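Coordinates in review
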Amino acid sequence: MYNAEDILKNISDISTKLYSEMCSVEESDHKAVFEYMTELGRTMADADRASFWKWDKNKHQLWTTSATGVDRIVIPDNTGLVGKALKEGRVIVTNDPYNDPDFNKEVDMKTGYRTKSVLVMPVADINGAFIGAFQIINKNGDGGFDEVEDVRKLSMAAIISGLAMESESFFEESHHDKLTKLKNRMGFYSDFSRRFNKVVDDKRPLSLFICDIDKFKRVNDTYGHNAGDDVLAFVASKLESACGDNESVYRWGGEEFIMMMPDTDLEACVEKAEKIRISIMESSIEADGNTINVTMSFGCRLFDPDLSIEENISKADEHLYTAKESGRNRVIY
């Protein structure tokens, strides 16, 4: 049980940690905010566990990485007490979850944890659209959760989590291309500073290729821009599915894409580009009611740490230009 002095100290400690995180020169994300706010909500409501759930409406999923003592959990958005709270747009409280038909018992069955009481509080953005939910589990002591009093205690943590979630969504949208769902040029530079710079600094090999769709303007002129969009989305999907665990592909602009491959030498980079080239060439693309075949050209490059990012890409682009000028549908390095 926490007294008023404990709660005030907890709020002060979390505020200090958040401030330090914001002022840090090291790369960070919103995960720390959710973790701190989850801990704050758990303390203020005097509960055993807490979690902040994010709502991925595109995938129809609810997921959390900030559950106290629990690893990442992903569930369909039409299930469980969290799903019910978001669907009905209201706070859900149950102090007898095993007799509640909406309670998901599977997590308890996997972990051996015994849930005795649950409170779920929907979290909205500034436009009033629900984007996630704050959940606390097992009120300490003999009583269960009180919908009025515990919601009052949770409100600050829920509001801050909602603002952080909205900020994170805006950040993600600014770094992604809406058509292909790949990261865009802004996302590329962000990833380079966070991930690929370390590869270069550690003197590990970093390869890349830049590629584009051959005669793409003819696709748009012949079949229309809707078909062209379908072709771009198909190619993006092919490129993304070819990425290894540490590799990433980006829409550089128009019909151009870049793939970054850490810990990969030039020979392996060329080999992968060739496999993708053949796969694209042999594919028939259903695009706006038409069956279209396209080819791609590639320019490969081993990243030179003595050159800038732009200079390395320019060198790869020179190889791509050579591929286009020498007949297209080929890989040059």
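Residues numbered from 1 in each chain as written. Predicted model: local features only at pLDDT ≥ 70, side-chain atom pairs only at ≥ 80, totals over all residues. Heavy atoms only, no water.

**Points about the overall build of the protein**
The helix and strand inventory of the protein stands at 10 helices and 13 strands. Dimensions along the principal axes, computed over C-alpha positions, put the protein at roughly 80 × 50 × 40 Å. Going through the 333 residues of the protein one by one, you find that 45% of them count as buried. Taking the intrachain contacts of the protein between residues at least 6 apart in sequence as the baseline, contacts between residues at least 24 apart amount to 61%. (Helix = DSSP H or I, 4+ residues; strand = E, 2+ residues; numbered from the N terminus. Buried < 20%, exposed > 50% of the residue type's maximum accessible area, 1.4 Å probe, protein only. Contact = heavy atoms within 4.5 Å.)

**Focus on the packing of aromatic side chains**
Throughout the structure, instances matching the rule amount to 10 aromatic pairs. Both rings, one in Tyr98 and one in Phe103, keep their centres 5.5 Å apart while their planes meet at 65°; by these two values the pair is edge-to-face. Taking the relative accessible area as the measure of exposure, Phe103 reaches 12% and is therefore buried. Taken together, a centroid distance of 6.0 Å and an interplanar angle of 50° make the contact between Phe188 and Phe192 tilted. Of the two residues, Phe188 and Phe192 both sit in helix α6 (residues 185-201), four residues apart, roughly one turn of that helix. (Phe/Tyr/Trp six-rings, centres within 6.5 Å; stacked < 30°, edge-to-face > 60°.)

**Observations concerning the environment of Asn78**
With respect to the element layout, Asn78 can be found in the loop between β3 (73-76) and α3 (80-88). Look at Asn78 and you get exposed, because its relative accessible area is 64%. For the pair Asn78 and Tyr333, spaced 255 residues apart in sequence, the C-alpha to C-alpha distance is 50 Å.

**Considerations on the sheet that holds strand β5 (residues 118-124)**
Either a parallel or an antiparallel arrangement is found when strands of a sheet pair, and the pairing is made through backbone hydrogen bonds. What the six strands build is an open sheet, ordered β3-β2-β1-β6-β5-β4; its pairing is antiparallel. Edge positions in the sheet fall to β3 and β4 (92-94), since each has one partner strand and no second. Each strand of the sheet is rotated relative to its neighbour by a mean of 20°, with strand direction disregarded. Two elements, β5 and strand β6 (residues 130-139), share seven bridges in a ladder whose sense is antiparallel. Bridge pairing in β6 places Val118 opposite Ile137. Lying over the sheet, α3 contacts β1 (47-56), β2 (61-64), β4, β5 and β6, oriented at roughly 45° with respect to β5. (Pairing = 2+ DSSP bridges. Axes fitted to C-alpha atoms, helices over the stretch in contact; angles between N-to-C directions.)

**Some remarks on the side chain of Thr64**
Among the secondary structure elements, Thr64 is positioned in strand β2. A relative accessible area of 1% places Thr64 in the buried class. A polar contact of 3.0 Å, which involves the side chain of Thr64, links it to the backbone oxygen of Phe52. (Polar contact = N/O pair within 3.5 Å; in protein donor to acceptor, adjacent residues only side chain to side chain.)

**Overview of the pairing of strand β9 (residues 256-262)**
In terms of burial, β9 is a largely internal element, six of the seven residues being buried. Two elements, strand β7 (residues 206-213) and β9, share seven bridges in a ladder whose sense is antiparallel. Bridging from a neighbouring strand, Ser207 pairs with Met261 of β9. Note that strand β8 (residues 248-253) and β9 share five bridges and pair antiparallel. Its bridge partner being in β9, Tyr250 is matched across the sheet by Ile258. Here β8 folds back onto β9 in antiparallel fashion, the turn holding two residues, of which Gly254 has a positive phi close to 55°.

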